[in-house]
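For reference, the chains in residue letters:
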Amino acid sequence: MQVLTNRSKVVSNKEMTLMERIYLPAILGGMMITLGHFFRKKHTFQYPEMKRPFAPLYRGMHVLKRDENGAERCTACGLCAVACPAEAITMTAAERKPGEEKLYREEKYASVYEINMLRCIFCGDCEEACPKESIFLTDRLVPSDSLRQRFVYGKDLLVEPMEENKRVDISKRQTKEVLEFKKNKELQHNK
Ligand code: SF4
Ligand code: SF4
């Protein structure tokens, strides 16, 4: 039969020697390989005691930002939901009532805003699409859970707290290029 590779070996049926029968050289050889790995650089982390540092623009759990006065920035325009390739975002728009100016920045707001974290692929398209600087991905992780329903995150988990000292910092995401892009008011996105 024609051999296609040089990896095949001819099997020998010759009687094994005593050393081969006690497997000692093979065991020692195996132990030497194992010992050698003890002194190599480790590629694993002892999670959760040790945590791998995140990239500055890590795309983790979303936040819905408030403006400097504490009002929700989202106007329920739906652009993030349209941009989302995983169809993970749903929302219901509502009209702001007199007296609610401190809660919602514009006349329209999202009374319901939900992201299905099981569908989300953390691509960041929603953040890019948002013209109101409302939605951002952060370096926070979505915690694991055993129930699928709990992965649908509503406003209670997405909107940042009202207190100044508890706001979610997204300044790392505002790179020079992003800020330059957002200054260009000729773009429909920034109007
Ligand atoms: S990060 Fe991507 S997949 Fe997740 S909600 Fe935003 S647009 Fe959708
Ligand atoms: S694109 Fe921004 S303002 Fe529009 S619905 Fe999404 S988060 Fe709200």
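For clarity, every value in this text was computed on a predicted model and none was experimentally measured.

Moving on, we come to the side chain of Glu-160. Tracing the backbone shows Glu-160 in the loop between helix H5 (155–158) and helix H6 (176–183). A polar contact of 2.9 Å, which involves the side chain of Glu-160, links it to the backbone nitrogen of Val-168. With sequence-adjacent residues up to four places away left out, Glu-160 is seen in contact with Val-63, Leu-64, Lys-65, Arg-66, Arg-167 and Val-168.

All right, on to the pattern of salt bridges then. Pairing between side chains of opposite charge can happen when their charged atoms approach one another. Under the criterion given, the structure shown has 7 salt bridges. Across the salt bridge formed by Asp-139 and Lys-172, the nearest N and O atoms sit 3.4 Å from each other. Of the two residues, Asp-139 is situated in the loop between strand S4 (135–137) and strand S5 (152–153) and Lys-172 in the loop between H5 and H6; the sequence distance between them amounts to 33 residues.

Our focus in this paragraph is the site of ligand 2. Inspection of the region around ligand 2 gives 14 residues, with Cys-74, Cys-77, Gly-78, Cys-80 and Cys-130 positioned closest. The pocket occupied by ligand 2, as judged from atoms lying within 2 Å of grid points, is the second largest cavity. Taken together, the residues of the shell around ligand 2 break down into 10 nonpolar, 3 polar and 1 charged.

Further remarks concern the layout of surface pockets. There is about 310 Å³ of room inside the largest pocket. Looking at the largest pocket, the residues that line it are Leu-57, Arg-59, Cys-123, Gly-124, Glu-127, Glu-128, Arg-173, Thr-175, Val-178, Phe-181 and Lys-182. Breaking the lining of the largest pocket down by element, the ones donating at least two residues are helix H4 (125–129) and H6. Per-element tally for the lining of the largest pocket: the top contributor is H6, with 3 residues.

What follows is about empty space enclosed by the protein. Throughout the structure, instances matching the rule amount to 2 cavities of 30 Å³ or more. In this structure, the largest cavity spans a volume of roughly 90 Å³. Around the largest cavity, the lining comprises 15 residues; the ones closest to its centre are His-62, Cys-84, Cys-120, Cys-123 and Cys-126. By residue class, the composition of the lining of the largest cavity is 12 nonpolar, 2 polar and 1 charged. Space inside the second largest cavity adds up to approximately 70 Å³. What lines the second largest cavity is a set of 13 residues, and nearest its centre among them are Cys-74, Cys-77, Cys-80, Cys-130 and Ser-134.

Further remarks concern the packing of aromatic side chains. Using the criterion set out here, one finds 2 aromatic pairs in the structure. Between Phe-54 and Tyr-58, the ring centres sit 4.2 Å apart and the planes meet at 15°, which makes this aromatic pair stacked. Both rings, one in Tyr-104 and one in Tyr-109, keep their centres 3.5 Å apart while their planes meet at 10°; by these two values the pair is stacked. Each member of the pair Tyr-104 and Tyr-109 is classed as buried.

Next up on the list: the sheet that holds strand S2 (residues 89–95). One open sheet holds the 3 strands; their spatial order is S2-S3-S5, and the pairing between them is antiparallel. One side of each edge strand has no neighbouring strand; the edge strands of this open sheet are S2 and S5. Note that strand S3 (residues 108–116) and S5 share 2 bridges and pair antiparallel. Bridged to Ile-115 within S5 is Tyr-153.

Conventions adopted
- Residues numbered from 1 in each chain as written.
- Chains lettered and ligands numbered in written order.
- Predicted model: local features only at pLDDT ≥ 70, side-chain atom pairs only at ≥ 80, totals over all residues.
- Heavy atoms only, no water.
- Helix = DSSP H or I, 4+ residues; strand = E, 2+ residues; numbered from the N terminus.
- Polar contact = N/O pair within 3.5 Å; in protein donor to acceptor, adjacent residues only side chain to side chain.
- Contact = heavy atoms within 4.5 Å.
- Salt bridge = Lys/Arg side-chain N within 4 Å of Asp/Glu carboxyl O.
- Near = heavy atom within 4 Å.
- 1 Å grid on protein atoms, 1.4 Å probe; cavity = no way out; pocket = protein on both sides within 12 Å on 5 of 7 lines; lining within 4 Å.
- Sits in = over half its atoms within 2 Å of the grid points.
- Nonpolar A, V, L, I, M, F, W, Y, C, P; charged D, E, K, R; others polar.
- Points joined across faces, edges and corners; volume = space filled by probe spheres on them.
- Phe/Tyr/Trp six-rings, centres within 6.5 Å; stacked < 30°, edge-to-face > 60°.
- Buried < 20%, exposed > 50% of the residue type's maximum accessible area, 1.4 Å probe, protein only.
- Pairing = 2+ DSSP bridges.

Purely geometric numbers; function is a separate question.
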